[in-house]
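Examining the three-dimensional arrangement
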Protein chains: 2
Amino acid sequence: MFSKACQYAIRATLFISQKSLQGERVGLKKIAEEIDSPEAFTAKILQQLARNSIIESVKGPSGGFEILDKNLDKIKLISIVEAIDGNQIFDGCGLGLKQCNSAKPCPVHDKFKSIRENLKHMLSTTNIRELATDLSIGNVFLKA
Amino acid sequence: MFSKACQYAIRATLFISQKSLQGERVGLKKIAEEIDSPEAFTAKILQQLARNSIIESVKGPSGGFEILDKNLDKIKLISIVEAIDGNQIFDGCGLGLKQCNSAKPCPVHDKFKSIRENLKHMLSTTNIRELATDLSIGNVFLKA
DNA sequence: TATATAAAGGACAAAAATATCCGAATATAT
DNA sequence: ATATATTCGGATATTTTTGTCCTTTATATA
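The residue numbering used here restarts from 1 in each chain and proceeds along that chain's sequence as written. Numbering of ligands from 1 and lettering of chains from A proceed in the order in which they are written. pLDDT decides what is reported in this predicted model: residues at 70 or higher carry local features, side-chain atom pairs at 80 or more are listed and counted, and totals for whole chains, interfaces and linings draw on all residues regardless. Each side-chain value is worked out from all heavy atoms of the structure, with water and hydrogens disregarded.

**Focus: the pattern of salt bridges**
Any carboxyl oxygen of Asp or Glu that lies within 4 Å of a side-chain nitrogen of Lys or Arg is treated as forming a salt bridge with it. Throughout the structure, instances matching the rule amount to ten salt bridges over all chains. Here D73 of chain A ties to R129 of chain A by a salt bridge, and the two come within 2.8 Å at their closest N and O atoms. Here D73 of chain A is found in helix α4 (residues 69-74), whereas its partner R129 of chain A is found in helix α8 (residues 128-137), with 56 residues between them in sequence. The closest approach of N and O atoms between R129 of chain B and D69 of chain B, which form a salt bridge, is 3.4 Å. Linking R129 of chain B in helix α8 (residues 128-137) with D69 of chain B in helix α4 (residues 69-74), this pair joins segments that are 60 residues apart in sequence. The partly exposed category is assigned to D69 of chain B, whose relative accessible area is 48%. Among the charged side chains, a network of salt bridges with common partners joins D69, D73 and R129 of chain A. A run of H or I in DSSP counts as a helix once it spans at least four residues, and a run of E counts as a strand once it spans at least two, with each numbered from the N terminus. Think of it in three bands: with a 1.4 Å probe and only protein chains considered, a residue is buried below 20% of the maximum accessible area for its type, exposed above 50%, and partly exposed in between.

Have a look at this one:
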């Protein structure tokens with residue numbers, strides 16, 4: 001469904017969100033440990049997220065990553081997916097046809113359309129504060 | 001969503017289905033042309049499909065690929081997806097966690113579950129005769 | 001039976017995704 | 001100011017996916 005990079009991105013963002021809720025900033029090392037991801041690769045992904053203003057990065061001692069409180073409501077899962085994987089998953093043809101639309105549809109065009117609308121709706125309406133709160137409560141997890 | 005190999009596999013299977021409906025067997029070259037896919041790569045995929053009894057292959061002059069009539073109803077889209085991409089997309093965690101289940105769910109476990117159940121249901125109930133018939137009628141297409 | 005045709009299969013190549021390493025830039029605290 | 005902690009960014013390596021090429025095998029038909 002999503003690339004590994006995107007999965008790491010979501011996991012990292014949620015972990016940072018959770019820490020930001022507690023007023024804490026976290027560094028790369030801690031993030032990679034807590035979400036069980038390769039550190040250097042995660043660094044690249046965090047840079048992308050920072051460039052897309054999904055997270056904030058602070059250099060130097062006591063630096064790290066955080067998310068502005070106002071953004072915890074504003075940032076939806078779809079923002080992360082689009083920043084990392086683009087919108088191919090929402091807009092591209094399910095069978096990979098370059099040209100596929102309601103005027104000239106592929107054989108599964110309509111069937112896929114509704115599935116992807118569901119997915120898009122879910123990702124568009126799920127904000128990260130909600131998920132980070134669930135994490136803090138402790139009934140959902142980011143690693144085994 | 002699906003790998004390119006899987007997209008080619010579905011397109012190829014539908015084209016072969018359509019021809020089989022007309023009692024015709026088709027060769028690799030024609031298939032690759034008609035679904036606009038790389039020929040040699042498509043050959044590998046057709047082999048996989050044949051090994052999984054989704055299509056039949058016949059060597060030698062007037063050989064090629066076909067689908068048994070009785071299988072046109074039996075073979076669902078999900079058979080093709082599972083043969084090529086496996087069932088990671090249905091069973092794997094949306095965030096890539098190795099261990100993720102209702103007892104120890106990731107933050108998006110439930111939200112993803114329903115999306116994937118939709119997808120699985122759609123793929124499990126769509127048979128290839130139906131799609132091949134649509135193709136023959138000419139209101140859906142396999143290439144631009 | 002010989003020949004031509006078509007898929008099968010193995011080895012290889014290219015491209016993309018994933019992952020690592022290291023020096024540069026920058027901010028903090030002493 | 002200086003030392004230190006931390007992200008940034010470029011280069012490179014590895015793995016996976018996608019794609020190609022060539023030889024072998026099977027088979028229809030002349």
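**Concerning the environment of Q99 of chain B**
Relative to the elements of secondary structure, Q99 of chain B occurs in the loop between α6 (88-91) and α7 (109-125). Residue contacts are counted whenever heavy atoms from the two residues lie within 4.5 Å of one another. Leave out the neighbours within four places in its chain, and Q99 of chain B touches A144 of chain A together with K104 of chain B.

**Observations concerning the relation of the copies chain A and chain B**
Alignment of the copies relies on least squares applied to C-alpha atoms, considering only residues that score at least 70 for pLDDT in both. Under the fitted operation, chain A is carried onto chain B by 0.0 Å of movement along the axis and a turn of 180 degrees, and the coordinates agree to an RMSD of 0.0 Å. The transformation just described matches what one would write down for a two-fold rotation axis. Measuring from the rotation axis to each C-alpha of chain A, the shortest distance belongs to M1 of chain A, at 2.3 Å. Take the interface residues of chain A: 100% of them recur as interface residues in chain B, which is what a same-surface contact looks like.

**Quick word on the packing of aromatic side chains**
In this scheme Phe, Tyr and Trp rings, the latter by its six-membered ring, pair at centre separations within 6.5 Å, and the angle between planes marks the pair as stacked below 30 degrees, edge-to-face above 60, and tilted otherwise. Summed over all chains, the structure comprises four aromatic pairs over all chains. Measuring from centroid to centroid gives 5.7 Å for F2 of chain A and F112 of chain B, while their planes differ by 90 degrees, and the two rings are edge-to-face. Note that F2 of chain A is positioned in the segment before α1 (4-21) and F112 of chain B in helix α7, a pairing that runs across two chains. Taken as a pair, F2 of chain A and F112 of chain B share a single burial class, namely buried. Stacked on the ring of F141 of chain A, the Lys or Arg K104 of chain B has its end atom at 5.0 Å from the ring centre. Charge-over-ring contacts are defined here by two conditions on Lys NZ or Arg CZ: a distance within 6 Å of the ring centre and an angle within 35 degrees of the ring normal.

**Some points on the protein's contact with DNA strand C**
Any residue with at least one heavy atom within 4 Å of a molecule or strand is counted as near it. In the vicinity of DNA strand C there are 24 residues, among which P38 and P61 of chain A together with L28, K44 and S57 of chain B approach most closely. A share of 65% of the atoms of DNA strand C within 4 Å of the protein falls on sugar and phosphate groups. Any pair of nitrogen or oxygen atoms within 3.5 Å is treated as a polar contact; in protein, a donor-acceptor pairing is required on top of that, and neighbouring residues in sequence qualify only through side-chain atoms on both sides. Here a base oxygen of DNA strand C and a side-chain polar atom of K44 of chain B are 2.4 Å apart. Interatomic distance of 3.1 Å between a backbone N/O atom of G60 of chain B and a sugar or linking oxygen of DNA strand C. Among the elements of the structure, α1 and α3 (39-51) of chain A together with α3 (39-51), β1 (56-58) and β2 (64-66) of chain B are those that each provide at least two residues to the surface near DNA strand C. Each residue is assigned to one class: nonpolar for Ala, Val, Leu, Ile, Met, Phe, Trp, Tyr, Cys and Pro, charged for Asp, Glu, Lys and Arg, and polar for all the others, Gly among them. Of the residues assigned to the surface near DNA strand C, the class counts are ten nonpolar, eight polar and six charged.

**Remarks on the protein's contact with DNA strand D**
Every one of the 23 residues lining DNA strand D counts as a neighbour, but L28, K44 and S57 of chain A together with P38 and P61 of chain B are closest to it. Backbone polar atom of L28 of chain A to a phosphate oxygen of DNA strand D: 2.8 Å apart, as the coordinates give it. Between DNA strand D and the protein, one listed contact pairs a sugar or linking oxygen with a side-chain N or O atom of K59 of chain B at 3.3 Å. Contributions of two or more residues to the surface near DNA strand D are made by α3, β1 (56-58) and β2 (64-66) of chain A together with α1 (4-21) and α3 of chain B. When grouped by side-chain class, the residues that make up the surface near DNA strand D number ten nonpolar, eight polar and five charged.

**Structural notes on the interface of chain A and chain B**
Accessible area lost during the coming together of the parts is what is often quoted as the interface size. Taken together, the 37 residues of chain A in the interface contact 37 residues of chain B. Here the quantity called buried area is the total loss of accessible area, with a 1.4 Å probe, experienced by two parts when brought into contact, counted for both. Summed over both partners, the interface of chain A with chain B buries about 3300 Å², with 71% contributed by carbon and sulfur atoms. At the boundary of chain A with chain B, the tally comes to two salt bridges. Note that K111 of chain A is salt-bridged to E130 of chain B, the shortest N-O span being 2.9 Å. Here chain A and chain B share twelve residue pairs in polar contact (both at pLDDT 80 or more) between them. Sorting the residues of the side of chain A that touches chain B by element identifies α1, α7 (109-125) and α8 of chain A as the ones contributing at least two each. In terms of residue count, the dominant contributor to the side of chain A that touches chain B is α7 of chain A (seven residues). Of the residues assigned to the side of chain A that touches chain B, the class counts are 22 nonpolar, seven polar and eight charged.

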